[in-house]
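# Tertiary structure, described
Residues per chain are reported as follows:
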Amino acid sequence: MAKKRMLATVLGERQDTPPIWIMRQAGRYLPEYRETRAKAGGFLDLCYNPELATEVTLQPLRRFDLDAAILFSDILVIPDALGQNVRFEVGEGPILEPIGLKGIDGLSRERALEHLAPVLEAVTRIRSALAPEKTLIGFCGSPWTVATYMLNGRSSPDQWVARRFALEHPGAFARLMDVLVETSIDYLVAQFVAGADVVQLFESWALNLDDAAFNTQVIEPNRRIIAGVRRRIPDAPIIGFPRGAAGNLKRYAERTGVNALGLDYATPLDFADSTLPKDLPVQGNLDPLRLVVGGAAMEKRVIEIKEAFANRPHIFNLGHGIVPETPIAHVERLVELVKKG
Ligand SMILES: Cc1c2[nH]c(c1CCC(=O)O)Cc1[nH]c(c(CCC(=O)O)c1C)Cc1[nH]c(c(CCC(=O)O)c1C)Cc1[nH]c(c(C)c1CCC(=O)O)C2
């Protein structure tokens, strides 16, 4: 059977040239995505439409020689499935009715997987349409990151509302984490059963936390999800992406049980390589702005990243999501450069 280079790398095998995928690779920088999205209606309608979600997942692989497809969905389908409705407004991002103490007690896991059934159907459809050598990545948001949206109702620059809530109401906060941990375990196991090869935990708001808060709000919930998934799927391959973890990165890598670690673009290459265990696979970490600008600003850095991680398993990626302003020609050039020996 054809080898899945990306999956093999997550499992610890170094490749001669790093496999590559791009965070948010299906998105608004692609005209065919914008067209399908307009057909679907709202953004969540696209996420819950198995046929169209499959189509947009596959679009970037038709254009670029990427090693993996990532399920087209969003981290906020979990609060939506728990009964806290989510809306996406153009130019505003996600909007939720902020959850309070009562709301936390009212969350129900009972129908969550049923609500997410169209997403799981998309996973199965994508796997059967995908070439055997391509890895299929499933994902969910990590509990703390999802909780920041549930408590604040939208993106916030410093997660002040959620950080304060966690300190002020530790009991209710722990109950919220429990619901998110258990729902995420069920959801990720179902993604593996439906055909995902690897899953990624998106902890996009791992920044701004002192190390004590990082332990309870980031490390513990991520560790519990990974242990819970592996109780049902032994050796399940899992990537963690704790964006902004900085000085907490090593702790995260050692205590959560991840197979591979996603690095944000602010993580210095020499720091990552010297701090992390020698055989730990890493993923990342080009600044998406360098992909927008292209030319020397991009090319020199791509070589530096490849060289920094040449001696360990490395999956090339951006250090955060691709942005709508990105020229398609720059993505083509990036993939060519990464694949060059
Ligand atoms: C924090 C977060 C969210 N969603 C996600 C994260 C974690 C990663 C990160 O830190 O960026 C994860 C996500 N969101 C999306 C994917 C799809 C898979 C992929 O191609 O990588 C994934 C993996 C699609 C999306 N999710 C969203 C879009 C754009 C919506 C549109 O088409 O209008 C896409 C393609 C919307 C979204 N979804 C979210 C926000 C804050 C926004 C608005 C910002 C924006 O508009 O870019 C929540």
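Because the structure is a prediction, the values reported are computed rather than measured. (Residues numbered from 1 in each chain as written. Predicted model: local features only at pLDDT ≥ 70, side-chain atom pairs only at ≥ 80, totals over all residues.)

## A word on the UniProt feature "binding site: substrate" (unreviewed entry) in the protein chain
How we decide: UniProt positions are given in the numbering used here, feature names are shortened, and annotations may be inferred rather than shown by experiment. Starting at the N terminus, helices and strands are each numbered in turn, a helix being any DSSP run of H or I of at least four residues and a strand any DSSP run of E of at least two. By the convention adopted here, residues are in contact when the distance between their C-beta atoms, placed from the backbone, does not exceed 7 Å.
Within this structure's numbering, the places UniProt gives as "binding site: substrate" (unreviewed entry) are Arg-24, Gln-25, Ala-26, Gly-27, Arg-28, Asp-74, Tyr-149, Ser-204 and His-320. A maximum C-alpha distance of 22.6 Å among these annotated residues, which run over 297 residues, shows that they spread across the structure rather than meeting at one spot. In this structure, Arg-28 sits in the loop between helix H1 (5–10) and helix H2 (31–40). Excluding residues that lie within four positions of it along the chain, Arg-28 makes contacts with Tyr-33, Arg-34 and Pro-324. On the secondary structure map, Ser-204 appears in the loop between strand E5 (198–203) and helix H12 (211–232). Here Ser-204 is in contact with Thr-145 and Arg-243, once residues within four sequence places are set aside.

## Observations concerning the sheet that holds strand E4 (residues 135–141)
Worth spelling out the cut-off: The pairing criterion is simple: DSSP has to find at least two bridges between the two strands. Where helices are involved, their axes are fitted lines through C-alpha atoms of the stretch in contact, as for all axes, and angles between N-to-C directions lie from 0 to 180°.
As summarised here, the arrangement of the seven strands in space is E1-E4-E5-E6-E7-E8-E9, forming an open sheet in which the pairing is parallel. Each having just a single partner strand, strand E1 (68–70) and strand E9 (314–318) make up the two edges of the open sheet. If you compare each strand with its neighbour and ignore which way they point, the axes differ by 25° on average. By the bridge criterion, two bridges tie strand E6 (residues 238–242) to strand E7 (residues 260–262) in an arrangement that is parallel. Counterpart to Ile-239 in the pairing with E7 is Ala-260.

## Regarding the packing of helix H11 (residues 170–194) against H12
Here is the rule we go by: In a left-handed crossing the near helix is turned counterclockwise from the far helix by less than a right angle, and in a right-handed crossing that turn is clockwise. In the scheme used here, Gly and all other residues not listed as nonpolar or charged are polar, with Ala, Val, Leu, Ile, Met, Phe, Trp, Tyr, Cys and Pro taken as nonpolar and Asp, Glu, Lys and Arg as charged.
Where H11 meets H12, the closest approach of the two axes is 9 Å, and the angle between their N-to-C directions is 35°. Where H11 crosses over H12, the handedness of that crossing is right-handed. Counting all contacts with H11, which are made through Met-177, Leu-180, Val-181, Ser-184, Ile-185, Leu-188 and Val-189, the residues of H12 involved are Pro-221, Arg-224, Ile-225, Gly-228, Val-229 and Arg-232. Considering only residue class, the contact of H11 with H12 consists of nine nonpolar, two polar and two charged.

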